[in-house]
Structures are given as structure tokens and as C-alpha cells.
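Overview (structure and organization)
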There are 2 protein chains.
Amino acid sequence: MILTVTLNTALDITYRTAALTPHATNRVAEVSERPGGKGINVARVLAALGHESVVTGFVGGRTGDALRELLAAEGPGARAAHAAVSDAPVTDAPVTDAPVTDAPVTDALVPIAGTTRRTIAVVDETTGDTTQLNEPGPTVTPAEWAAFLTSYEGLAARADAVALCGSLPPGVHVGAYAELVRLARAAGRPVLLDTSGEPLRRGIAARPDLVKPNADELAQLTGSREPLRATRDARRRGSQAVVASLGAAGLLAVTPDGSWRAAPPMAVRGNPTGAGDSAVAGLLSGLVERLPWPERLARAVALSAATVLAPAAGEFDREAYADLLPRVAVTEQSSQPEQEPHATRQHR
Amino acid sequence: MILTVTLNTALDITYRTAALTPHATNRVAEVSERPGGKGINVARVLAALGHESVVTGFVGGRTGDALRELLAAEGPGARAAHAAVSDAPVTDAPVTDAPVTDAPVTDALVPIAGTTRRTIAVVDETTGDTTQLNEPGPTVTPAEWAAFLTSYEGLAARADAVALCGSLPPGVHVGAYAELVRLARAAGRPVLLDTSGEPLRRGIAARPDLVKPNADELAQLTGSREPLRATRDARRRGSQAVVASLGAAGLLAVTPDGSWRAAPPMAVRGNPTGAGDSAVAGLLSGLVERLPWPERLARAVALSAATVLAPAAGEFDREAYADLLPRVAVTEQSSQPEQEPHATRQHR
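Residues numbered from 1 in each chain as written. Chains lettered and ligands numbered in written order. Predicted model: local features only at pLDDT ≥ 70, side-chain atom pairs only at ≥ 80, totals over all residues. Heavy atoms only, no water.

1. Structural notes on the overall build of chain A
A tally of regular secondary structure across chain A gives eleven helices and 16 strands. By the burial criterion, 55% of the 348 residues in chain A qualify as buried. A separation of at least 24 residues holds for 67% of the contacts in chain A among residues at least 6 apart in sequence. Total accessible area on chain A stands at roughly 14,100 Å², and carbon and sulfur atoms take up 51% of it. (Helix = DSSP H or I, 4+ residues; strand = E, 2+ residues; numbered from the N terminus. Buried < 20%, exposed > 50% of the residue type's maximum accessible area, 1.4 Å probe, protein only. Contact = heavy atoms within 4.5 Å. Areas by Shrake-Rupley, 256 points an atom, 1.4 Å probe, with all protein chains shown as cover.)

2. Re the environment of serine 259 of chain A
Residue and element names in this part refer to chain A. Within the secondary structure, serine 259 is located in strand 15 (residues 258-263). Residue class for serine 259 comes out buried when judged on its relative accessible area of 6%. Separated by 18 residues in sequence, serine 259 and alanine 241 have C-alpha atoms that sit 9.4 Å apart. Contacts of serine 259, omitting those with residues within four sequence positions, involve Arg232, Ala253, Val254, Thr331, Glu332, Gln333 and Ser334.

3. Comments concerning the interface of chain B and chain A
Between chain B and chain A, the contact holds 32 residues from the first and 32 residues from the second. A combined buried area of about 2,500 Å² lies between chain B and chain A, and 55% of that area is made up of carbon and sulfur atoms. It is His23, Arg62 and Leu133 of chain B that lose the most area in chain B upon contact with chain A, and together they represent 27% of the buried surface on that side. The interface formed by chain B and chain A contains four salt bridges. Along the contact surface separating chain B from chain A lie 16 residue pairs in polar contact (both at pLDDT 80 or more). If you list the elements that add at least two residues to the side of chain B that touches chain A, you get strand 2 (10-17), strand 3 (25-27), strand 4 (30-36), helix 2 (61-73), strand 8 (117-124) and strand 9 (130-134) of chain B. Of all the elements, strand 9 of chain B adds the most residues to the side of chain B that touches chain A, at five residues. Its residues placed into classes, the side of chain B that touches chain A shows 13 nonpolar, ten polar and nine charged. (Buried area = accessible area lost by both parts, 1.4 Å probe. Salt bridge = Lys/Arg side-chain N within 4 Å of Asp/Glu carboxyl O. Polar contact = N/O pair within 3.5 Å; in protein donor to acceptor, adjacent residues only side chain to side chain. Nonpolar A, V, L, I, M, F, W, Y, C, P; charged D, E, K, R; others polar.)

4. Concerning the packing of helix 7 (residues 215-222) of chain B against helix 8 (residues 227-236) of chain B
All names here are of chain B. The geometry of helix 7 relative to helix 8 is characterised by a closest axis approach of 10 Å and an angle of 60° between their N-to-C directions. As helix 7 packs across helix 8, the resulting crossing turns out to be left-handed. Every residue of helix 8 that contacts helix 7 at Leu218, Leu221 and Thr222 is listed here: Pro227, Ala230, Thr231, Asp233 and Ala234. Per-class residue counts for the contact of helix 7 with helix 8 are five nonpolar, two polar and one charged. (Axes fitted to C-alpha atoms, helices over the stretch in contact; angles between N-to-C directions. Left-handed = near helix turned anticlockwise from the far one by under 90°.)

5. Thoughts on the relation of the copies chain B and chain A
Put simply, the second copy of the chain is the first one after a rotation about an axis and a shift along it. Expressed as a screw operation, the relation of chain B to chain A combines 0.0 Å of axial shift with a rotation of 180°, fitting to an RMSD of 0.0 Å. Interpreted geometrically, this transformation is the action of a two-fold axis. The C-alpha atom lying nearest the rotation axis in chain B is that of arginine 62 of chain B; the distance is 3.2 Å. A symmetric contact is evident, with 100% of the interface residues of chain B recurring at the interface of chain A. (Least-squares fit on C-alpha atoms with pLDDT ≥ 70 in both.)

6. Focus on the sheet that holds strand 2 (residues 10-17) of chain A
Strands sit in the order 4(A)-2(A)-8(A)-9(A)-3(B) across an open sheet of five strands; the sheet is mixed. Every interior strand has two partners, whereas the edge strands, strand 4 (30-36) of chain A together with strand 3 of chain B, have only one. Strand-to-strand twist across the sheet, computed as the mean angle between neighbouring axes with direction ignored, equals 20°. In this structure, strand 8 (residues 117-124) of chain A lies alongside strand 9 (residues 130-134) of chain A, joined through five bridges in antiparallel fashion. The partner of valine 122 of chain A across the bridge, within strand 9 of chain A, is threonine 131 of chain A. The strands touched by helix 2 (residues 61-73) of chain A are strand 2, strand 4 and strand 8 of chain A; relative to strand 4 of chain A, the strand with the most contacts, the crossing angle is about 85°. (Pairing = 2+ DSSP bridges.)

7. Considering empty space enclosed by the protein
For the structure on display, the rule yields one cavity of 30 Å³ or more. Counted as a void, the largest cavity has a volume near 30 Å³. As for the largest cavity, its lining consists of Leu20, Val122, Thr131 and Leu133 of chain A together with Leu20, Val122, Thr131 and Leu133 of chain B. If you list the elements that add at least two residues to the lining of the largest cavity, you get strand 9 of chain A together with strand 9 of chain B. (1 Å grid on protein atoms, 1.4 Å probe; cavity = no way out; pocket = protein on both sides within 12 Å on 5 of 7 lines; lining within 4 Å. Points joined across faces, edges and corners; volume = space filled by probe spheres on them.)

8. What to know about the sheet that holds strand 3 (residues 25-27) of chain A
Spatially, the five strands line up as an open sheet ordered 3(A)-9(B)-8(B)-2(B)-4(B), and their pairing is mixed. Two strands in the sheet have a free side with no partner beyond their single neighbour: strand 3 of chain A together with strand 4 of chain B. In this sheet, adjacent strand axes meet at a mean angle of 20° when their direction is disregarded. In the sheet, strand 2 of chain B pairs with strand 8 of chain B via eight bridges, with the strands oriented parallel. Note that in strand 8 of chain B the partner of isoleucine 13 of chain B across the bridge is isoleucine 120 of chain B. Where helix 2 of chain B meets the sheet, it contacts strand 2, strand 4 and strand 8 of chain B, and its direction lies at approximately 85° from that of strand 4 of chain B.

9. Quick look at the pattern of salt bridges
Between side chains of opposite charge, a pair can form when the charged atoms approach closely. Summed over the entire model, instances satisfying the criterion amount to 32 salt bridges over all chains. For the salt bridge of glutamate 135 of chain A with arginine 118 of chain A, the shortest nitrogen-to-oxygen distance reads 2.6 Å. Of this pair, glutamate 135 of chain A sits in the loop between strand 9 and helix 4 (142-158) while arginine 118 of chain A sits in strand 8, and the two are 17 residues apart along the sequence. For arginine 118 of chain A, a relative accessible area of 5% translates into the label buried. Linking arginine 318 of chain B and aspartate 102 of chain B is a salt bridge whose minimum nitrogen-to-oxygen distance equals 2.7 Å.

Okay, here's the thing in C-alpha cells:
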């Protein structure tokens, strides 16, 4: 079982409009809702890869009730029904790397008095652009944080790996992820951290197994926009391994086993929402399957690109994933820090 | 008791943002929610004027539950608490025309299987502009419509007046308002209709006591953009009286007792959301109080302007209302149709 933590869960609402006109009244043509927050997105992709997962974090209010109800409805049966109405025959797709049947996602969210936030993605059907509105999230009390810690310790002790994902809600102390990293390490569990700003800075110092910053988060952390230099700097701050996501350029990994770049075979166009979460799921699943680093990275890049290509935000296109996976270029980087790579080789 | 009907109720959500940037991620600084839909807004103003009201229409799902809970919390106690934290000492304001204590709003909404829609008003705090996103609303089944009709007949029989407000949700037949007008008339109750398009066209033919179209609705109904001509044309289509709202120019009324224009003493700037609903509340309260038409119109114009001036959408500024009311200019129009007025007089 893989445990994913989403402290600031969200009810993700998507509005489709013919065109979004600012400072006017816009009719919404279609409304859809789903459980959101980075760790929940990661768990959804893990389930599609056949990995049983447990989601925890905070949930409350009517939006929290809706989130839990939708999460329960996202089981393998519901997914099969969804596949049946889509254009692509998902269950017949030549998916060689992932089982066809989804694994379960178990809800271990901790109830709070506050109300889970909503995020609203307004998709303008004329331009295809998305305008995102994110509510701030509920304030978590010290008693609620204490209740979460108790639950988390029990869950982490049973997990093959732990992922700590996303922003902190109001009321949770800035060292929260550092605390959760230390507890996972004390239980002997590998732990991945995917956050930003001060919570990332403090979390890294608690020595997680892996952090996955994007270029902006890396620059904010290290002060450098040179990817290899910044990634190595991030690693020196305490993380066993650092995988930097460089958008369309793929991933750059600096690990105890070596350094690699992994890039998709071509630039993909589409909706990047959830691409980072799919990469996290790829890295986590590869970790618990004890895959060599280049295979983990290839999986993460292929999942990420297949997420950009999927029409629904945060879903991945299984057929595109199967097609992309063997074509991801993984090249080893020089092991010398602060030096440009000179001898690279094609991995797969 | 005044009965207001809102077939397409809404949970009105307001988001305050520093600035709304389309096609980007926007952090919402502040979220507020309140029960919405035109008839519910009308009832809120009636309550502030001391008129007991009952709201009916459809409500369902988690958003419907939230709407009902917020409606119950909007009692006189909750309002006093709200006034206590605002800058203006509302309860000490020199309000001569309205009692200080609000009358109750009773919830007689009919539950449905579908989910009440949300509307989202995104207020850009840099420009003060509002971008509105309106969900379409739930589909009402024939059995739910039948249940509503039974409830409506019982409520209308006890009402001093009935107001039918806003759009029709999916599933409700286009002649629904005509049916509700006929039932109110059969019960001997005065009925006001405030809607648009085909439901307005059919509703007028059922001979309501009053319709309150705005300039666009009037033009759509009659094909004319000349206000007096169009208002008289609307009246010939079946309504006993027509009060056209002409935005900042005030109201134009064509009634069995005469025709009047009523205009605010000055142009007011602010948020026009709910100004039309406040005008309806002014007209309805004046009707049940048997005020002469010029006084009803003055009240409607003052309430409408005081709503534009209030900082919160759909609320009215009591102090501004008391100040504006004696200064509304009501001028009688010529009784000759298709002729420009020649002899106007100041009413108050």
C-alpha cells in the first residue's frame, strides 16, 4: 500500500463555457466535480497502475462530504463505466506496463470542523484556455493536527511508501512536512515530498528520500535557474534524491545511483493540469517496484506526457502512455557536480 | 404574507480576488455564500421592510442543503449581528419608512432529486468589476412539478400577494408561469411576474396584475426600444399594469390608474446586482399596503438605488434608502398612447 497525504484537499469543479468574458455574466454549459488535491490525484494514477493506495489529509463541511462521496464512487466499477462511454476502447488498449483493472483507493481522510475548499477551472471552449480560481482552504486547529498525526503514524507504519503532496492549509505549522518526513523515516518508510516554498525548505532538511520540485520551486529554493546546478544544490540540502520537473523538457534526476535526464520523444500539447502528480505516481510506483532509476524516470515522463494529452484534466491517456513509455529518452549525466555533462548515453 | 416563487434557486457564491487574470491561476482571498435566486432576494428585502414572506420553488442536493441552512440563519438575530460589525450603525439609522426589526422569511421550498445550481460572482478588487458564472440548474421532473403545484396552490390561497421571479430550470414547461398566474388569479390573489423571453410572453397572456421587465426584456417582448410605446404595448398583451425598469433612469409605469415615470434624484454608482429584485419588493410591499402608485414607484426606485449603493451585492443601504425616498421624482405621463408627454408634474 502507498500512502498519499493531501493536507489541503479540494473539491475540483470544472465549468465549460462557450467563452469566458471577464466583467460579464457567463452561462456555464457543463459542470463536473471530482475529488482533488495533489495527493488524491497521485492516488488516482497509482490505482490505474495497479497500486493499492490510501489517501489521508483533512476533509470537512459539505464540500468535504461531496469529495468523499465522489472518491468512493471512483472505484474500479465506476472507472469501467466511464471508459465504456469514452471514444477510446480503454480496456482493449495495448497497455503492457499497467494492469487493466484499477487497484482500490482507500479513504483515510481526517474530519475537521472547517469546510474543504473548492477549486474552479473555467474552460473556455473557444480558445481551450483554462482560468483557475482556488479557494484558500479551511483553518486546521491544533487538536485536528494532533488527531491527524496519530492517524498518520498508524498508516505510515503499514505503507510501502509515503507521498506528502501540495500546499499547507491555514493553521498547519510551516514545519509540518518536516515533522511528517521524520515520522515516516522513524517508521523505516521511504518518503517523497512534493511541495514548495518554506514547507519544502524545511521538509528537505528532515532528509526525505525524494523531492520533486518544478523549475520555479527549485529556483525559489536554491536561487539558481541552472537546472543541474540547482538540482544538485537541492540534494545537498538533505534529500536522498531530487527529481526536478522541467515541463516539456521532462525530468532531471540527481540520485545516489547517478544522474539522468529523461525527456518525452516529442513535445505534447494539451492540458498540463495534473502532469506533475502523474510524474509523482510514476516515481512512487517505480520505487515500490524497485525499478532501476532510468525505468522509474521513463515511467514518470510517459505518464506525465499522457496526462497532458488526455482531454479531462488530471486523467492520463492509457494508450498514449503505452505508446510513449518505450520512446522516452533517458540520458545519464556526468557524475561531476558543477560540470556540464560531456558523455551522455541513450538508456532505452 | 407575501409569497415569492423562485423556481431556479441558487447558492450565490462571491469570490474576492486581488485581480482576476483570465487563463491563469487566481487565488481567492475571501469566499462568501448566501441563498440566491430572484424571489429569495425579493423576500429578503420584504423582510427588511417588515413584511412577512414565504419563499417557495425547488431546492436539492448539497448546495440546496447549504441554501436552506443559510436561509434559516438569515433571521432578524443574524441580521442584527451582521449590522453590529458593519461600519454604519444600521439600527440607529433614521429609517422612517421601514421597521427596524426584520419580519420572518419562511422556507417552503420543495425538495427535488437534482442539485441546486451555484452562481459565482468573482469580484476583482483592483477594478471593482464582477465576472459572473451561472450554472444551468437541475432538471425538474414532471412528478416534482406536480408536487410543487399542490404546495403552491395552498400557499397562494393564504398570500396577500404572489411574486413569480426569474428563469425556469430545465424540465419545467415554458408555460409554467402562465399556469401559476392563472392559479393565483383563481385564488383571487394579486400576482406579479418578473421573468423574460417566452415564459414572460406566455405569462403576460395569462393576465397577471403586474410585470416588471427591464429595457432588454421589454424590447425582446414588443420589438420596440421606445420605452413608453413598448410599456403600453406590453400592457395590451394582458398585464393589468407594467412597470419597466430603465436602469439608472428609474421606472416607467403604465397602470389602470395612470402612467408615471419615477427617477432617482441623482445617478448612483455601485453594484447593480439585486437592484431589480429590490424594485420588485418595493412594488409588492406598496401593493399590499394599498399605497397610491406614485408612492409605490418612489419606494421601488429608492430601494433600487439604495441596493446599488450597498457594498454587498443584493443588500440595500437603509440609510441611503431613507435619504433617497423623499427625493425620488415621480412625474405623471400623458394618458394618450403613442404620444409624448406634454404636461408632467412633480409628485412628491
